Amino acid sequence: MTTTTTPAAPRAHSRKGLFVPFILLATLVVLWSAAWVWVRDRAGREMDAWLGREAAAGRTWTCADRSISGYPFRIELRCASLAFARADSRFTLGPITAVVQVYQPRQGILQVAGPFHVEQGDLTGDVTWTSLEASFHGASEAFVRASVVVDALKGTVRGPGQPDIAFDAQHLEAHGRPTPGRFAAEGAVDLSLRVAKAAVPFIDPYVGNADPTDIALDATVNRAATLHTGTVARELEAWRQAGGSLDIALLSLAKGNRRAQAHGSLSLDPSHRPEGQIDVRAAGVEAIVGQVMGQRFGAEKGALIGNLVGQFLGGGRRARAEAAAPDAVPPADPALKALPPLRIADGRLMLGPFPIPNVELPPLY
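Residues numbered from 1 in each chain as written. Predicted model: local features only at pLDDT ≥ 70, side-chain atom pairs only at ≥ 80, totals over all residues. Heavy atoms only, no water.

1. What to know about the packing of aromatic side chains
Then, in step 1: Evaluation of the coordinates by the stated rule reveals ten aromatic pairs.
Then, in step 2: Taking the centre distance of 6.4 Å and the plane angle of 85° together, the rings of Phe143 and Phe183 count as edge-to-face. A residue pair is termed long-range when its members are at least 10 positions apart, and Phe143 in strand E11 (residues 143-159) and Phe183 in helix H2 (residues 183-186) qualify at 40 residues.
Then, in step 3: By way of ring pairs, the aromatic residues Trp50, Trp61, Phe84, Phe91 and Phe116 are connected into one cluster. (Phe/Tyr/Trp six-rings, centres within 6.5 Å; stacked < 30°, edge-to-face > 60°. Helix = DSSP H or I, 4+ residues; strand = E, 2+ residues; numbered from the N terminus.)

2. Remarks on the state of the cysteines
Then, in step 1: Applying the stated criterion across every chain yields a total of one disulfide.
Then, in step 2: A sulfur-sulfur separation of 1.8 Å characterises the disulfide bridge that pairs Cys63 with Cys79. Because the torsion about its S-S bond is -100°, the bridge between Cys63 and Cys79 counts as left-handed. In this pair, Cys63 sits in strand E1 (residues 60-64) while Cys79 sits in strand E3 (residues 74-79), placing the two residues 16 residues apart along the sequence. (Disulfide = S-S within 2.5 Å.)

3. Description of the pattern of salt bridges
Then, in step 1: This model, assessed by the stated rule, comprises 17 salt bridges.
Then, in step 2: Residue Lys255 pairs with Asp204 through a salt bridge whose shortest N-O separation is 2.8 Å. You can see Lys255 sitting in strand E15 (residues 245-255) and its partner Asp204 sitting in helix H3 (residues 204-207), a full 51 residues away along the chain.
Then, in step 3: What makes Lys255 buried here is its relative accessible area of 8%.
Then, in step 4: On the basis of relative accessible area, Asp204 is assigned to the buried category, the value being 15%.
Then, in step 5: Through salt bridges that share partners, Arg74, Glu76 and Arg78 make up one connected network. (Salt bridge = Lys/Arg side-chain N within 4 Å of Asp/Glu carboxyl O. Buried < 20%, exposed > 50% of the residue type's maximum accessible area, 1.4 Å probe, protein only.)

4. Description of the environment of Val37
Then, in step 1: Turning to its location among the elements, Val37 is positioned in helix H1 (residues 20-56).
Then, in step 2: Note on Val37: relative accessible area 34%, which makes it partly exposed.
Then, in step 3: Distance from Val37 to Ile75, taken between C-alpha atoms, is 10.0 Å for residues 38 residues apart in sequence.

5. Observations regarding unusual backbone geometry
Then, in step 1: Of the consecutive residues Tyr71 and Pro72, the connecting peptide bond is found in the cis state with omega at 15°.
Then, in step 2: Along the polypeptide, Pro72 turns up in the loop between strand E2 (67-69) and E3.
Then, in step 3: In this chain, Gly114 is followed by Pro115 through a cis amide linkage whose omega measures 0°.
Then, in step 4: Position of Pro115 relative to the elements: it lies in the loop between strand E7 (104-112) and strand E8 (116-120).
Then, in step 5: At Asp65, a residue that is not glycine, the phi angle is positive and equals roughly 55°.

See the structure below:
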């Protein structure tokens, strides 16, 4: 007898494995969402705690219509407006947005819209701009770098019994970083400032032209780590007592044919006035010096001092060169020549041995 064996039907393959990646992805999304919510809530609690500490110290911050968003990879803090007040000053800002990446919590970007209104004692100021962005790179014990970039800056400062002072600038950049090798021990911070096409019409008659000014400053603030957010008087006094000073590596000013570069050091004396010495190199300032000094010594002697400054600036040498070659055209941008040092002491400002008239520096606080 022949036995016939029927082949077994093939087993169906399970399709459950096809859903494993999707299940893992959904689990990851849920965990990430929960983590983001936890980070958002913690950021809110940390901010509330900081605001409480500031209020206890006499500094009040108000973030109107505060919201925290940015899911899934960012934390975005938004304020419809920001206000600050303490005993000696107050200010308000327009809408502000602070952004931090979840995976880079020590790096942040700040975007601020105007207007900015500030009150400091009897002075008030109002400033607007088309764009203002700031960035901060932090570290475990300090910061790595902080920057501010502003376009189309315009403002006005007002004081009782004084004319309004208007100013504007096409572009402004400011950067700060701990001074390499000196921050930990001395609290030193390097600053770099660049201002393009700045204008302050109030000073144009004294300078002799209405051309915009380009400004560059590279400096180091010694003992900057002592500065916090207290009142101006308290912070400056703590900085002075700690031996704080401002070392100017380069201050460059260019306004039409007037040019100057300076370096030196400034600090505060026991009467809270600036003191120090600035070494200046300049071109095209002889007439300004003569006009200023004429207020003290008379027009004739003022002009004489201006001519002496001209000798410092190489004017005599240029005149001899032009006499030797009358058809030669003097350079449009002459090389900068050294001026007598600018000294500040006891509230007075002196150019070499000559005190600058009608200038008395009051205490800063």
